[in-house]
Amino acid sequence: MPNLDRIEIVRIDDDGKSRCVDVNRTRSTEFAESGGERNAQYVTFRVRWSKRISEIEFDMPRYRIVWRGVEFDVRGYDDYHYQHRTVDLTGVSYG
């Protein structure tokens, strides 16, 4: 069953919104960095393909996903066999 949560996909110098077809938390990690602990949450966002979404594939560092008030860096883009139906965007948030 589709999730249909609303997410916001933000480019550093631009704004855009998309409906999320499915959201799935894939994993979380804790690690020590400079003497302190840091959490990382990995979430996969499935969105419908669009020309605007396809721009993310080769420019991931310039995009962020905002979901439930939390900002995620885009770390993965998967358009299965380039069928242009849905795209899985992998986001990571550091807490």
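Placed above this text is the structure.
None of these values were measured; they are calculated from a predicted model. (Residues numbered from 1 in each chain as written. Predicted model: local features only at pLDDT ≥ 70, side-chain atom pairs only at ≥ 80, totals over all residues. Heavy atoms only, no water.)

Peer 1: Describe in detail unusual backbone geometry, supporting the description with residues and values.
Peer 2: Both trends apply: most residues other than glycine have a negative phi, and most peptide bonds are in trans. Positive phi, close to 55°, is recorded for arginine 68, a residue that is not glycine. For arginine 68, the location among the structural elements is in the loop between strand S4 (63-67) and strand S5 (70-78). Judged by relative accessible area, arginine 68 falls into the exposed class, the value being 64%. Unusually for a residue other than glycine, tyrosine 82 sits at a positive phi of about 50°. The topology assignment puts tyrosine 82 in the loop between S5 and strand S6 (86-94). (Helix = DSSP H or I, 4+ residues; strand = E, 2+ residues; numbered from the N terminus. Buried < 20%, exposed > 50% of the residue type's maximum accessible area, 1.4 Å probe, protein only.)

Peer 1: Now, about the side chain of aspartate 88: what can you tell me, with residues and values included?
Peer 2: You can see aspartate 88 is positioned in strand S6. On the basis of relative accessibility, which here comes to 16%, the residue aspartate 88 falls in the buried class. Here arginine 46 takes part through its side chain, which lies 2.7 Å from a polar atom of the side chain of aspartate 88. (Polar contact = N/O pair within 3.5 Å; in protein donor to acceptor, adjacent residues only side chain to side chain.)

Peer 1: If you had to explain the pattern of salt bridges to someone new, which residues and values would you point to?
Peer 2: Side-chain pairs of opposite charge can arise whenever the charged atoms involved come near each other. Tallied over the full model, the rule gives five salt bridges. We note a salt bridge from arginine 62 to aspartate 59, for which the minimum N-O separation is 4.0 Å. Judged by its relative accessible area of 23%, aspartate 59 falls in the partly exposed class. Of the charged contacts, one joins aspartate 73 and arginine 64 as a salt bridge, the two residues approaching to 3.1 Å between their closest N and O atoms. (Salt bridge = Lys/Arg side-chain N within 4 Å of Asp/Glu carboxyl O.)

Peer 1: Please provide a residue-by-residue account of the packing of aromatic side chains, values included.
Peer 2: Each pair of aromatic rings is reported with the distance of its centres and the angle of its planes. The final tally for this structure, using the stated rule, is three aromatic pairs. Both rings, one in phenylalanine 45 and one in tryptophan 67, keep their centres 5.6 Å apart while their planes meet at 80°; by these two values the pair is edge-to-face. Of this pair, phenylalanine 45 sits in strand S3 (residues 36-48) while tryptophan 67 sits in strand S4; the two residues are 22 residues apart in sequence, bridging distant segments of the chain. A single burial state applies to phenylalanine 45 and to tryptophan 67, both of which are buried. Their ring planes at 75° and their centres at 5.3 Å tell us that phenylalanine 45 and phenylalanine 72 sit as a pair that is edge-to-face. Note that phenylalanine 45 is positioned in strand S3 and phenylalanine 72 in strand S5, a separation of 27 residues in sequence. On the basis of relative accessible area, phenylalanine 45 is assigned to the buried category, the value being 0%. Residue phenylalanine 72 is classed as buried on the basis of its relative accessible area of 4%. The structure contains a cluster of three or more aromatic residues connected by ring pairs, namely Phe45, Trp67 and Phe72. (Phe/Tyr/Trp six-rings, centres within 6.5 Å; stacked < 30°, edge-to-face > 60°.)

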